[in-house]
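Residues per chain, in single letters:
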Amino acid sequence: MITIDISTIDELLQFLKALAARHKQGLWYRGEENSALTLVPSIQRSEKRLAIERFITNDFYIRAKQIFKNPPEKHNYSEWVALMQHHGLPTRMLAWSKSPLIAVFFATEPYQQYPDTDACVWVLAPNLLTQMEGF
């Protein structure tokens, strides 16, 4: 893991341009409002996560079936988790974007609430990760 301190959007974009040129592949970005946090999904930040996850998932499933015209198929867990994530519920999923500016938005959006907290943008090379894992 490489950590780089960046203070402006211009510095960030220059760094990301060089990184993209070096990797020659699509990169994914994740903005985090607190640089002290690690890449742990929100549901796993709770000690009571299994009970919470079951309750949230079941409650969301019941309510979503009543609200959405075309909800995911009952056993399509990944689509349900993505839908839950989209609506701000804690899940096992980490949201990534192909746009560094979207990641920067999520990293800096709460700045006025927490001006003394450093934000961060994580960068992932998914093809490299897949290759390193032997797929």
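Everything below is about the structure shown above.
Worth saying up front: this structure is predicted, and the values here are computed from it rather than measured.

Q: Please set out the pattern of salt bridges residue by residue, giving values where relevant.
A: Scanning all chains against the criterion turns up three salt bridges. Residues E53 and R92 are paired through a salt bridge, measuring 2.6 Å at the closest nitrogen-oxygen approach. With E53 in helix 2 (residues 49–67) and R92 in the loop between helix 3 (77–86) and helix 4 (100–108), this pair connects stretches of sequence that are 39 residues apart. With a shortest N-O distance of 3.0 Å, R63 and D59 are connected by a salt bridge. Placement of the pair is R63 and D59 together in helix 2, with a separation of four residues, close to one helical turn. We classify D59 as partly exposed; its relative accessible area is 27%.

Q: Account for empty space enclosed by the protein, naming residues and giving values.
A: Going through the model one piece at a time under the given rule, you end up with one cavity of 30 Å³ or more. For the largest cavity, the calculated volume is near 30 Å³. The wall of the largest cavity is formed by E53, T57, Y77, V81, M84, T91 and R92. Listing elements by their share of the lining of the largest cavity, those giving two or more residues are helix 2 and helix 3. Ranked by residues supplied to the lining of the largest cavity, first place goes to helix 3 with three residues. The class makeup of the residues in the lining of the largest cavity is three nonpolar, two polar and two charged.

Q: Explain the nonpolar core residue by residue, including any values.
A: One finds L12, L16, L19, L27, Y29, A103, V104 and A125 forming the largest nonpolar core, which totals eight residues. Where this core is concerned, the elements lending two or more residues are helix 1 (9–23) and helix 4. Examining the composition of this core, we find that three residues originate from one element, helix 1, more than from any other. With sequence-adjacent residues up to four places away left out, L19 is seen in contact with L27 and V123.

Q: Residues and numbers for a nonpolar patch on the surface, please.
A: On the surface, a cluster of nonpolar side chains totalling about 270 Å² of accessible area is made up of I2, I4 and I6. Along the chain, I2 falls in the segment before helix 1.

Q: So what's going on with the packing of aromatic side chains? Which residues, and what values?
A: Enumeration over the complete set of coordinates arrives at three aromatic pairs. Measuring from ring centre to ring centre gives 5.3 Å for F105 and F106, while their planes differ by 80°; the resulting arrangement is edge-to-face. Ring pairs connect the aromatic residues F60, Y61 and W80, which therefore count as one cluster.

Q: Provide a residue-level description of the layout of surface pockets, including the pertinent values.
A: Its volume calculated, the largest pocket comes out at about 1,300 Å³. For the lining of the largest pocket, the element with the highest residue contribution is helix 1, accounting for seven residues. Split by residue class, the lining of the largest pocket holds 27 nonpolar, seven polar and four charged. Space inside the second largest pocket adds up to approximately 460 Å³. As for the second largest pocket, its lining consists of 17 residues, of which R30, G31, Q85, A95 and F106 are closest to the centre. At the level of elements, strand 1 (28–32) and helix 4 are the ones that each hand at least two residues to the lining of the second largest pocket. Looking at the lining of the second largest pocket element by element, the count peaks at four residues for strand 1. The residue makeup of the lining of the second largest pocket, split by class, is eight nonpolar, five polar and four charged.

What counts as what
- Residues numbered from 1 in each chain as written.
- Predicted model: local features only at pLDDT ≥ 70, side-chain atom pairs only at ≥ 80, totals over all residues.
- Heavy atoms only, no water.
- Salt bridge = Lys/Arg side-chain N within 4 Å of Asp/Glu carboxyl O.
- Helix = DSSP H or I, 4+ residues; strand = E, 2+ residues; numbered from the N terminus.
- Buried < 20%, exposed > 50% of the residue type's maximum accessible area, 1.4 Å probe, protein only.
- 1 Å grid on protein atoms, 1.4 Å probe; cavity = no way out; pocket = protein on both sides within 12 Å on 5 of 7 lines; lining within 4 Å.
- Points joined across faces, edges and corners; volume = space filled by probe spheres on them.
- Nonpolar A, V, L, I, M, F, W, Y, C, P; charged D, E, K, R; others polar.
- Core = buried A, V, L, I, M, F, W, Y, C linked by side-chain atoms within 4.5 Å.
- Contact = heavy atoms within 4.5 Å.
- Patch = residues over 30% accessible without salt bridge, like charges linked within 9 Å, V, L, I, M, F, W, Y side chains within 5 Å.
- Areas by Shrake-Rupley, 256 points an atom, 1.4 Å probe, with all protein chains shown as cover.
- Phe/Tyr/Trp six-rings, centres within 6.5 Å; stacked < 30°, edge-to-face > 60°.

These figures come from the coordinates and say nothing about function on their own.
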